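Take a look at the letters that make up each chain.
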Amino acid sequence: MYEIEISDIRKLSEIVKEKYDYDFTNYAISSFKRRIKRVLELYKFKSIAILIDKIKEDSVFFEEFVSEITVNVTEMFRDPSFWRELRDHIIPNILLNHDNISIWHAGCSSGEEVFSMAILLREMNMLHKAKIIATDIDKSIVEKAKKGVYSMKSMDLNTKNYIRFQGEQDLKDYYTVENQKIVMDPTLVEGVSYRVHDLVNGGVFNKFDLILCRNVMIYFNQKLQNMVLKKLHESIFKYSYLIIGSKESLIWCDIASKFIVVNNDEKIYKKIKD
Amino acid sequence: MTKYKFDRTYKAIVIGGSAGSFQGIVKILSALPVDFKIPIIMCLHRLKHVRNGFVEALSIKSIKPIEEPYDKQNIKFGKVYLAPANYHLAIELGNTFSLSTEEMNQNSRPSIDITLDSASYVFKEKLIGILLSGANKDGAWGMKRIKDHGGITLVQEPKECMIDTMPSAAIEQTKIDHILTINEIIEFLNALHVHIKTLN
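What you see is a predicted model, and the numbers here were worked out from it, not measured in a lab.

Undergrad: Help me get a handle on the sheet that holds strand E2 (residues 40-44) of chain B, residues and values and all.
TA: One key point about sheets: their strands pair by backbone hydrogen bonds, in either a parallel or an antiparallel sense. Residues and elements named next belong to chain B. Pairing is parallel in the open sheet, where seven strands are placed in the order E3-E4-E2-E1-E7-E8-E9. Only two strands of the sheet have a single partner each, and these edge strands are strand E3 (66-67) and strand E9 (178-180). For strand E1 (residues 12-17) and E2, the ladder comprises five bridges, and the chain directions are parallel. By the bridge assignment for E2, Ile 15 is matched with Met 42. The strands that helix H1 (residues 22-30) touches are E1, E2, E3 and strand E4 (80-82); relative to E2, the one it contacts most, it runs at about 165°. Together, E1, strand E7 (127-131), strand E8 (152-156) and E9 form the strand contacts of helix H6 (residues 182-199), whose direction differs from that of E9 by roughly 125°.

Undergrad: So what's going on with the pattern of salt bridges? Which residues, and what values?
TA: On inspection of all chains with the given rule, the structure shows 30 salt bridges over all chains. Asp 156 of chain A is the partner of Lys 160 of chain A in a salt bridge, and the nearest nitrogen-oxygen pair spans 3.9 Å. Of this pair, Lys 160 of chain A and Asp 156 of chain A are both found in helix H8 (residues 152-165), four residues apart, which corresponds to roughly one turn of the helix. Note on Lys 160 of chain A: relative accessible area 43%, which makes it partly exposed. Overall, Asp 156 of chain A belongs to the partly exposed group, its relative accessible area being 49%. A salt bridge links Asp 177 of chain B to Lys 147 of chain B, with the shortest nitrogen-to-oxygen separation between them at 2.6 Å. Taken together, the residues span a long stretch of sequence, with Asp 177 of chain B in the loop between helix H5 (165-173) and E9 and Lys 147 of chain B in helix H4 (residues 140-148) at a distance of 30 residues. Through salt bridges with shared partners, a single ionic network connects Arg 34, Arg 35, Arg 38 and Glu 68 of chain A together with Glu 102 and Glu 103 of chain B.

About the cut-offs
- Residues numbered from 1 in each chain as written.
- Chains lettered and ligands numbered in written order.
- Predicted model: local features only at pLDDT ≥ 70, side-chain atom pairs only at ≥ 80, totals over all residues.
- Heavy atoms only, no water.
- Pairing = 2+ DSSP bridges.
- Helix = DSSP H or I, 4+ residues; strand = E, 2+ residues; numbered from the N terminus.
- Contact = heavy atoms within 4.5 Å.
- Axes fitted to C-alpha atoms, helices over the stretch in contact; angles between N-to-C directions.
- Salt bridge = Lys/Arg side-chain N within 4 Å of Asp/Glu carboxyl O.
- Buried < 20%, exposed > 50% of the residue type's maximum accessible area, 1.4 Å probe, protein only.

Everything listed is a geometric property; what it means functionally is a separate question.
Structure representation (C-alpha cells):
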C-alpha cells in the first residue's frame, strides 16, 4: 500500500502556503492524511508528488482540492438536545437584553445548520430580528449552502432530528420536492449573508451575540485551535455565547479562563472577559 | 504458565466490535485486572444518534470507568476509552485523540478501520488489535495495518461469534496472530498484564 509520509504532507502544505492564501500546516495530521489519501484515490494520482505538481500548476484544480480536503458531512438539527437548549434558554436569554440578535455560523458547510437556525428562529417568531452570517473556507460549498437544495436521502435523518428537537411543525412544511431533490424554503435564509472566509488566515470582521463553530476545529491541531479560538473570542460581545461540537472542549485551551461553561453537555460557553 | 509470549512493552490495545459483540466486551471489561496499565481504546458500532446510555451500559460490569474522549484529549495509562456516537475516533502523533465527522466508512461512524489504522501508525509494533463479532467488514483492513506495522492481531473465534462476518473478513485479509474465544482473550490480557508488571 502507498504510504503518505508526514514529510510529504509538510511539503504539500508549504507549497499551498507559498502559492495560495491557505495554511494547512496546523491541520490535525490523522484526518488531513486521510483526506489527502482520499484525493489521491479520487483523482487516481499514484503519489503525493503528482498531487503537489498538479496543485502548483493548476489553480482551478486547487479549488477542487480545498473542497475535497474539507469535511462536509453535516445534518439539520444535529444533536437535537442542543437545539432545544438554544431555543428554550440561550436565545431567550440574549433577547432579554437585546432587540436584535447577530449570529455567525463559522464553518457553515452545505448550510444545514443555517436552515436549522432559521427554522428555529421562525418558530420563535424571531427570524426578522436576526442578522445571520454564514461562512466557510470552501467556495463551492458556500454556493451549495446558498441554494439550499439537498438529497431526498438526507431528509430521513434530518426529519428524525427535527422530531427530536420537538419543532412546532413538520419539517416538510419548510421545503418542496422538485426533480427528486429537496428545495428548502428560500424565505428562511433571505436575510442570511453567505461568505467565503478562512478561519485560519481570515481576520476578525465583526462582533456577534452567538457564534456556532461546531465540529470545525476538530480538524486542527491544538496550536491552531488556540489561534482560531482567540479570533472567535474577539468576535463575540462580552457575555455572549460560543458553541462548539458536543465532543470538543475549551478546557485545554489558552483562552479557557475567558469563558464560563453555560451547558457542558451541549458545549455552550459564555465570554466573561475581554 | 501461559501459552502467550511477549517480548516488549505495549502502548495501547484497540478493540473493534459490532453486532453481537456487546456481551463479549462486557465479559472482557468485567475480567480486567484493576491495575491493568495499557490504555484500551474501543471502537464499537453503535446507534449514531443516541449520545448517552452506551457508556453507562458498558460500565455496569466494567472494572474500570469508561470514558468517551474529547477531541485532542491525552491518552493515559490505565484508562478505558470508547469512540463517541457519530464521530470517527483517531489517534494523533503525540498520543492524543482526534475526532472527525468525515463520511461513513463501511456504513459506519465510528469506523473501526479508522481507529485501527491511525493507532497502528502512531504505536507501530507496540499495539495490540482485537476484533470481535460483527456483521460487516469494517476493521478487517485496520487489522492488516496493525499486522503490517508489527503489532499483535487477535480476532474472536468465528464459531463463537453471533455474526462472524467481521472476524472472518479479517482472517481472510491478514495472517492473524491469534484466533481466540472471549475466555481466551481474557487469558491473553491477564498474561499480558503479568508481563507488563515484570517490566516495571
